Amino acid sequence: MAEHRTMQRDALLDAARSLLSEGGTEALTFPALAERTGLARSSVYEYFRSRAAVVEELCAVDFPLWAAEIEGAMQRADTPEGKVEAYVRHQLGLVGDQRHRAVVAISASELDAGAREKIRAAHGGLIAMIVEALADLGHTQPPLAAVLLQGIVDAAVRRIEQGTTDPSAIADAAVAMALRGVGG
């Protein structure tokens, strides 16, 4: 019975990711989740009390996976510069991933305080990953530098999502700015 519930919950989360990436937050409705999973609408409420609860669960499941992928890419780098480059490039490489599209759709919506806090905490964990590499590069305020670096990444993500510039050119520019500043 528990295994069946886990499978149903996972199917609902997969459907939520698809709906969010295809149609944004407006597409994430309980009738749509029921239709995608073949469950009765009332059954969806047995798993999640609200859309915000679905969002919170997506954050709880997907952010750690995303962070682990970024951390793994950073660990494979041999130098602090390489770690910064891996941090930037791997995040930008995830832009096309369904999980990322769902997170962006979620972030753009009106969320309750609990969901917003989960997203903030997850981003804080992501930013914390790069502090040591920035200290190794000689930054006098590595936590501040990490927040600013994440700002570069966030701006690059938005630019990639606009679809007007080649994503690899955006990634190259973001890495150059991260490592060499605006002087290039």
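Residues numbered from 1 in each chain as written. Predicted model: local features only at pLDDT ≥ 70, side-chain atom pairs only at ≥ 80, totals over all residues. Heavy atoms only, no water.

(A) Expanded view of the nonpolar core. Grouped together as the largest cluster of nonpolar side chains are 53 residues, with contacts concentrated most on Leu33, Tyr87, Leu92 and Ile130. Top element by residues in this core is helix H4 (residues 51-75). It accounts for 11 residues. Those residues in contact with Leu33, other than ones at most four positions away along the chain, are Leu12, Ala15, Ala16, Leu19, Leu28, Val44 and Val54. (Core = buried A, V, L, I, M, F, W, Y, C linked by side-chain atoms within 4.5 Å. Buried < 20%, exposed > 50% of the residue type's maximum accessible area, 1.4 Å probe, protein only. Helix = DSSP H or I, 4+ residues; strand = E, 2+ residues; numbered from the N terminus. Contact = heavy atoms within 4.5 Å.)

(B) Helix H10 (residues 167-180), seen in detail. Helix length check: H10, at 14 residues, gives a terminal C-alpha distance of 20 Å against a target of 20 Å (1.5 Å per residue), a fit within 8%. All of the buried residues along H10 are Ile170, Ala171, Ala174, Val175 and Ala176. Structurally, H10 contributes buried residues whose contacts are with helix H5 (80-93) and helix H9 (142-162). Count one or two residues on from H10 and you reach Gly181, which has phi positive near 75°. (Expected span 1.5 Å × (residues − 1).)

(C) Broad picture of the side chain of Asp62. Along the chain, the position of Asp62 falls in helix H4. The class of Asp62 is buried, set by a relative accessible area of 4%. Polar side-chain contacts of Asp62 include one of 2.7 Å to the side chain of Arg17. (Polar contact = N/O pair within 3.5 Å; in protein donor to acceptor, adjacent residues only side chain to side chain.)

(D) The arrangement of the confidence of the model for the chain in detail. Of the residues in the chain, 90% reach a pLDDT of 70 or more, and the chain-wide mean stands at 87. Mean pLDDT across the secondary structure elements of the chain bottoms out at helix H6 (residues 98-107), with 62, and peaks at helix H8 (residues 131-136), with 96. (pLDDT = per-residue confidence, 0-100.)

(E) Up close: the layout of surface pockets. Considered as a void within the structure, the second largest pocket measures approximately 160 Å³ in volume. Glu71, Met74, Gln75, Lys83, Met129, Glu132, Ala133 and Asp136 are the residues that line the second largest pocket. At the level of elements, H4 and H8 are the ones that each hand at least two residues to the lining of the second largest pocket. Grouping the amino acids of the lining of the second largest pocket by side-chain chemistry returns 3 nonpolar, 1 polar and 4 charged. (1 Å grid on protein atoms, 1.4 Å probe; cavity = no way out; pocket = protein on both sides within 12 Å on 5 of 7 lines; lining within 4 Å. Points joined across faces, edges and corners; volume = space filled by probe spheres on them. Nonpolar A, V, L, I, M, F, W, Y, C, P; charged D, E, K, R; others polar.)

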